[in-house]
2 protein chains.
Amino acid sequence: MEQGDVATVRGLEGSTETGRQRPGRAGPVAPRPASRARLRPLALDDVALDPAGHLGAWQRVNRDVTLPHCIAHVEERGNLDNLRRVTGRADGDFRGLPFADSDVYKTLEAAGWELARGARPALDDFVDQTTRLLADVQEDDGYLNSYFQGVHPDRKLREFHWGHEMYCAGHLLQAAVAVARSTGRAHLLAVATRLADLLVRRFGESGEEAIDGHPEIETALVELYRLTNESAYLQLATRFVELRGRGLLGPDRFGANYFQDHAPVREATEPTGHAVRQLYLAAGVTDVYLEGADDTLLAAMEELWENLLSTKTYVTGAHGSRHRDEAYGDPYELPPDRAYAETCAAVASFHWNWRMLLATGRGRYADEMERVLYNAVAAGTSLEGDRFFYSNPLQLRAGHDGTDEDHPSGRLEWYRCPCCPPNLARLVASLNGYVATSDDSGLQLHLLTAGEVTADLPGGPARLRVSTAYPWEETTAITVDSEHEWTLALRVPAWCREARLSVAGDPVAVSPDADGYVRVRRAWRPGTEVLLTLPMPPRVLAAHPRVDAVRGCVAWARGPIVYCLEQHDQPAGAPLEDIRVAAQEAPRAVAGSDVPGIPVVLVGQGYVSRADGRQLYAEGAAAAPDGEVVEVTAIPYFRWANRGPAPMRVWIPTS
Amino acid sequence: MEQGDVATVRGLEGSTETGRQRPGRAGPVAPRPASRARLRPLALDDVALDPAGHLGAWQRVNRDVTLPHCIAHVEERGNLDNLRRVTGRADGDFRGLPFADSDVYKTLEAAGWELARGARPALDDFVDQTTRLLADVQEDDGYLNSYFQGVHPDRKLREFHWGHEMYCAGHLLQAAVAVARSTGRAHLLAVATRLADLLVRRFGESGEEAIDGHPEIETALVELYRLTNESAYLQLATRFVELRGRGLLGPDRFGANYFQDHAPVREATEPTGHAVRQLYLAAGVTDVYLEGADDTLLAAMEELWENLLSTKTYVTGAHGSRHRDEAYGDPYELPPDRAYAETCAAVASFHWNWRMLLATGRGRYADEMERVLYNAVAAGTSLEGDRFFYSNPLQLRAGHDGTDEDHPSGRLEWYRCPCCPPNLARLVASLNGYVATSDDSGLQLHLLTAGEVTADLPGGPARLRVSTAYPWEETTAITVDSEHEWTLALRVPAWCREARLSVAGDPVAVSPDADGYVRVRRAWRPGTEVLLTLPMPPRVLAAHPRVDAVRGCVAWARGPIVYCLEQHDQPAGAPLEDIRVAAQEAPRAVAGSDVPGIPVVLVGQGYVSRADGRQLYAEGAAAAPDGEVVEVTAIPYFRWANRGPAPMRVWIPTS
């Protein structure tokens, strides 16, 4: 099938129901109407981010810089040539890692979501040409993977352990869903469904028992089911979830935990192994729960989440403590200097928490989306959008050796394993899909950012115009245009105390409910102004005493933003390594910084405690005494490393 | 050459001069008489360790358990079959890592040193049979490497980056030196010199410019030169040292630092990369300095040592902070939980420090030998001698996932990369070679342990009988049998204050000199008793404030021994993770523990500060208050994990 209309693909025509009379184009996660989702995502067209707002500006940079950068790099670095050489259209060796196709697919997905906001010829060309290339490369039975086709044709669909074939397939499916939903064109979807059908034939109910070493296919198959209504895809995703933890992947030098194949998903409630794999798997399990009928899956996911959040998550929302295997560590093993904190794991956490939010309606998942998005995900990209971190340390030491791309001193243009940049691109291109939801009672606003939200609620249409400088300013103004009764639910983040609300000029006493939302139910009139104020006094955070790596330290935060000290902002003669702050003293917020991208800094009193000449280990050495008093300045962590390499730390030793 | 007498090998006959009239058998490191060594090692026969003493007992366990264990495992795990299959005497695939031959060589070296203490048929058989096998496998031109011969014969001596061919060759040379010196038999030496001669032809002065990715050949060639007096070996070692740091190894995913190929050795004075490589290289450079004429090499090694000791060494003397690449971290990056602290790196540190001691006569190098031997090396093996650690964490957390052999919860029988057990075996078998030295003034005693030391000093023979329960007891009795005037130098470790000395019953005021030794010069009479007392009050150590990972913690030590808390010894209801101790309060030493292998424990007052139910990150959370008072008991770190897996920590949080 080439250049087919989306409606010609089975099931597609009915796939975008969101409770509206006029079906809108569905976003990245669109549970079926019959699903167990408590909340329904809005359609892609229902949320427009304002480029003047924080998320809208980011989406604009993503469109103008990051996405073209990714497209240029999958060309330059050989990912597309890997595909072309299968058909004889390119020479030379296969380049990059065996799963290089996945970077093409993530870039396609990003292009897909971006195209929902209007035609862009360069993106259209990239999608069309790449789709044609993929259709050419695809074999008659649906198989498609440039590494195995081009390098090891004898080993196809046999090396699930490290082969990444179903991982790549999952990203292709997600890209196809994005392009189909955004553009209505089914040409990429045709390629994807042929590959998915091959997987169904080979690994479906009566087929071979296998799972992929890198989860991803599970959540992708569920989304393809949501789009096409083809239940075989959901069944295959369910089967992959159920087969996990039975040792099908065999032994590995990193252990079965690495692949989350050490225990069935209902028992594997301690996060282990490769962080991205763990979180993609969790997203897949949650999707299977949402479209299925088994409550035990949700219970397992809730237990996993609680374990993760209480013992293995960085204060930035990042995941993964170990470089060696890109993995979670033991409980409370959270080193800031060697935090792996892979950008892809942050993206994966965002994806999983969204599914948990849809499943439960609980604001704690939206809180976590906010934390990871504004801190751990955002740190992965430079202010200009063309440089990236793969690992995201929470501390960079003086004297750091940044020659290894595993732990560079600043963001790099691209990586040997370039999974993160296109992962960022696809998330940011689809951010509008994660801002708000609806249910039978009304609308829920989860992420505060400037823009417009519209929805056809059961009683009629509603429109919100959101004006806010969140996360920098405390007050958000929401103009509600509607003429019927419904409930507006606004999330109050757990970090916020004493939120204030007024509706049409009248203060309203607010007390978030058990899910963490304040709910305003009324018969709305056009132009009703809702003012939500989330006070953001700077906060001084301490870690659980078992987090050995940051004992005796504090971190500064304001609103959802975690701050850090970077050497650039400290006074001359105050080496970052020697700065101390008082444990109980909060810094003050100062707006109007002249550093680009940093509207608000935190300023506090510090001390320079010099330890020059001290031995590495000494008897009876007391802590260095507080020295010279200095004013120290913290910037948002996600904006570090935009001014050249310099020592940085999120966790500041206390005096 | 087969079963040849050692004297038939060129140069061997004059190789063991130690200033004695009757040349003794040289030990592992034997600088030439014309070398720049300030101190001369004693001959192998000159030092006999008493099995009742600490080091002698260890050497006995090594002989009876560890060495047979290694011999059995190089058979069972296929290392010997890898060699046999080259000659058609074994079937099956190559097993293990490409450098599997090196484990055979290290085991041979250990057997060699052990044979110096008397014939042992099983060891003799192992040496002879393995030597015959190696001679069969060796090609006509001297080439010998079972991986390349058996798996990639087309790639010989071309893949220096990861091939490890010269690394393996170095271990063969060292084994051959051990067997030749200990037994006088040159059959293995004949194999080794043929391989060394190939390297000289191929990579000598006018040959190809190459270095091995894993240093080891350098120090081995120098020792072969010392044994054979063949200057081409020294020249080749010198050339390898001089070629390092010029990028010959090319780019690598871990970076040139990993191989210490980022800068010439005189400029590379910050320890970097793979710790074992760094330390073996340093030993080779120091050996080249010792036999050469270039003071700048020693200056560079001293600077490297100072950097290492002041910013990158664990309190146990261990090396290597990172699991990913078995490497040093940034300055002060010394996590206890993820300490890599490879046993081989500890062995390598011991080797290098011995060479620095010989070069300079400075006791700080012997202090470091003592620290690393008694703590970091010793932790690598179980009490019984048949289980081993590869990585040596300084903390094991509650809830540790020990399923990965990279970070097990206890010592394992063997490893996929089994470099450490035979490395331990060869060091312990040769420990008597590292106890004492001589120079023109007399004898120097560096390691205190029960045994006998004899030497033919310029003025006549001398004998010391050393009676001591060091490192557990403070006083060492040395009976000197001699009848002429010379100087007895006794090292006073830097950790010791107020050492006391008496000679023939008379107290002598002692004040260590700049090198760290007390020196007693007198005309000795047979049976003169010297009593050295090194007071060992338990010490409370703190780390430099820049060692973030152990901020707010102390470590307990007594004498040269670093202690740790292991859960086994703590009161019920006192989880190790919640124990605190007072920062300024020293524990007391208690002798007579009933735990095997632990003569002295440290007992102190602790507090149980429970943090149950606290959030991972919380605003304004103060440190947990001191709770219930408990008595906590520390054991020597090197004896941990002998009673089943349990949480352990060297660094204890303070209250």
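Residues numbered from 1 in each chain as written. Chains lettered and ligands numbered in written order. Predicted model: local features only at pLDDT ≥ 70, side-chain atom pairs only at ≥ 80, totals over all residues. Heavy atoms only, no water.

> Can you break down the packing of aromatic side chains residue by residue, with the values?
Taken as a whole and judged by the stated rule, the model has 40 aromatic pairs over all chains. Note on A:Phe94 and A:Tyr147: the rings are 5.0 Å apart at their centroids and 75° apart in plane angle, and the pair reads as edge-to-face. Of the two residues, A:Phe94 sits in the loop between α2 (79-86) and α3 (101-115) while A:Tyr147 sits in helix α5 (residues 146-150), which places them 53 residues apart along the sequence. In this structure A:Tyr147 comes out as buried when scored by relative accessible area, which is 17%. For the ring pair B:Trp162 and B:Phe254, a centre distance of 6.4 Å and an interplane angle of 65° mean the geometry is edge-to-face. Of this pair, B:Trp162 sits in the loop between α5 (146-150) and α6 (165-183) while B:Phe254 is found in the loop between α9 (231-243) and α10 (275-291), placing the two residues 92 residues apart along the sequence. (Phe/Tyr/Trp six-rings, centres within 6.5 Å; stacked < 30°, edge-to-face > 60°. Helix = DSSP H or I, 4+ residues; strand = E, 2+ residues; numbered from the N terminus. Buried < 20%, exposed > 50% of the residue type's maximum accessible area, 1.4 Å probe, protein only.)

> A description of the domain arrangement of chain A should follow, citing residues and the corresponding values.
All names here are of chain A. As far as domains go, chain A holds domain 1 (40-434), domain 2 (439-533) and domain 3 (539-653). Domain 1 and domain 3 are separated by 34 Å when their C-alpha centres are compared. If you look at the interface, domain 1 gives 26 residues, while domain 3 gives 26 residues. Three residues stand out in domain 1 for area buried against domain 3, namely Val-315, Tyr-332 and Leu-383, and they jointly supply 27% of the buried area on that side. If you look at where domain 1 meets domain 3, you find zero salt bridges. At the boundary of domain 1 with domain 3, the tally comes to eleven residue pairs in polar contact (both at pLDDT 80 or more). Taken together, the elements giving at least two residues each to the side of domain 1 that touches domain 3 come down to α13 (363-377) and β3 (395-396). (Domains from an automatic or database assignment. Contact = heavy atoms within 4.5 Å. Buried area = accessible area lost by both parts, 1.4 Å probe. Salt bridge = Lys/Arg side-chain N within 4 Å of Asp/Glu carboxyl O. Polar contact = N/O pair within 3.5 Å; in protein donor to acceptor, adjacent residues only side chain to side chain.)

> Give a detailed account of the nonpolar core, specifying residues and quantitative values.
One finds A:Trp352, A:Leu445, A:Leu464, A:Trp556, A:Val650 and A:Trp651 to be the most contacted residues of the largest nonpolar core, which totals 222 residues. Counting residues in hydrophobic clusters, the runner-up holds 218 residues, among them B:Val29, B:Leu97, B:Ala110 and B:Ala379. (Core = buried A, V, L, I, M, F, W, Y, C linked by side-chain atoms within 4.5 Å.)

> Can you tell me about the interface of chain A and chain B, naming the residues and giving the values?
Across the contact, 68 residues belong to chain A and 68 residues belong to chain B. Between chain A and chain B the total buried area reaches about 5400 Å² when both faces are included, carbon and sulfur atoms providing 45% of it. Inspection of the chain A/chain B interface yields 14 salt bridges. A salt bridge links B:Asp548 to A:Arg649; the shortest N-O distance between them is 2.6 Å.

> Hey, could you go over unusual backbone geometry for me, with residue numbers and the actual values?
Residue and element names in this part refer to chain A. Here the amide bond leading from Tyr-470 into Pro-471 is cis, since omega sits at 10°, within 30 degrees of zero. The residue Pro-471 is located in the loop between β7 (460-468) and β8 (475-482) in this model. One non-glycine residue, His-164, lies in positive phi territory at about 60°. Relative to the helices and strands, His-164 is located in the loop between α5 and α6 (165-183). If you check the backbone angles, Ala-504 has positive phi at about 55° while not being a glycine. For Ala-504, the location among the structural elements is in the loop between β10 (500-503) and β11 (506-508). Judged by its relative accessible area of 43%, Ala-504 is partly exposed.

> Summarise the sheet that holds β7(A); cite the residues concerned and give the values.
Residues and elements named next belong to chain A. If you walk across this open sheet you meet the seven strands as β2-β6-β7-β8-β13-β10-β11, and the pairing is antiparallel. Strands with a single pairing partner mark the edges of an open sheet, and in this sheet they are β2 (47-49) and β11. Taking the axes of each pair of neighbouring strands and ignoring which way they run, one obtains an average angle of 20° across the sheet. (Pairing = 2+ DSSP bridges. Axes fitted to C-alpha atoms, helices over the stretch in contact; angles between N-to-C directions.)

> I'd love a proper account of the confidence of the model for chain A, names of residues and values included.
All names here are of chain A. With 96% of its residues at a pLDDT of 70 or more, chain A has an overall mean of 94. The low-confidence segment residues 1-22 (pLDDT under 50) makes 52 contacts with residues lying over four places distant or belonging to another chain. Across the predicted assembly, pTM comes out at 0.95 and ipTM at 0.94. (pLDDT = per-residue confidence, 0-100.)

> Tell me about the sheet that holds strand β9 (residues 485-491) of chain A, and name the residues and values.
Residue and element names in this part refer to chain A. Overall, mixed pairing links the five strands, which are arranged β1-β4-β5-β9-β12 in an open sheet. Unpaired on one side and paired on the other, β1 (40-41) and β12 (517-523) mark the two borders of the sheet. Here helix α12 (residues 343-360) sits on the sheet and contacts β1, β4 (436-439) and β12; the angle it forms with β4, its principal contact strand, is near 20°. Lying on the sheet, α13 is in contact with β9 and β12; it crosses β9 at an angle near 50°.

> Quick one: what's the story with the relation of the copies chain A and chain B, residue by residue and with numbers?
With an RMSD of 0.0 Å, the fit of chain A onto chain B corresponds to turning through 180° and sliding 0.0 Å along the axis. This pairing of chains is accounted for by a two-fold axis. Of the C-alpha atoms belonging to chain A, the one lying closest to the rotation axis is found on A:Arg324, 2.0 Å away. (Least-squares fit on C-alpha atoms with pLDDT ≥ 70 in both.)

> Let's hear about the pairing of strand β10 (residues 500-503) of chain B: which residues, and what values?
Residues and elements named next belong to chain B. With four bridges connecting them, β10 and strand β13 (residues 528-533) associate as antiparallel partners. Its bridge partner being in β13, Arg-500 is matched across the sheet by Thr-533. Relative to strand β11 (residues 506-508), β10 is paired through three bridges, and the arrangement is antiparallel. Bridging across to β11, Val-503 finds its partner in Asp-506. In textbook terms, the turn of a hairpin is the stretch between consecutive antiparallel strands, and for β10 and β11 this stretch comprises two residues, one of which, Ala-504, has a positive phi near 50°.

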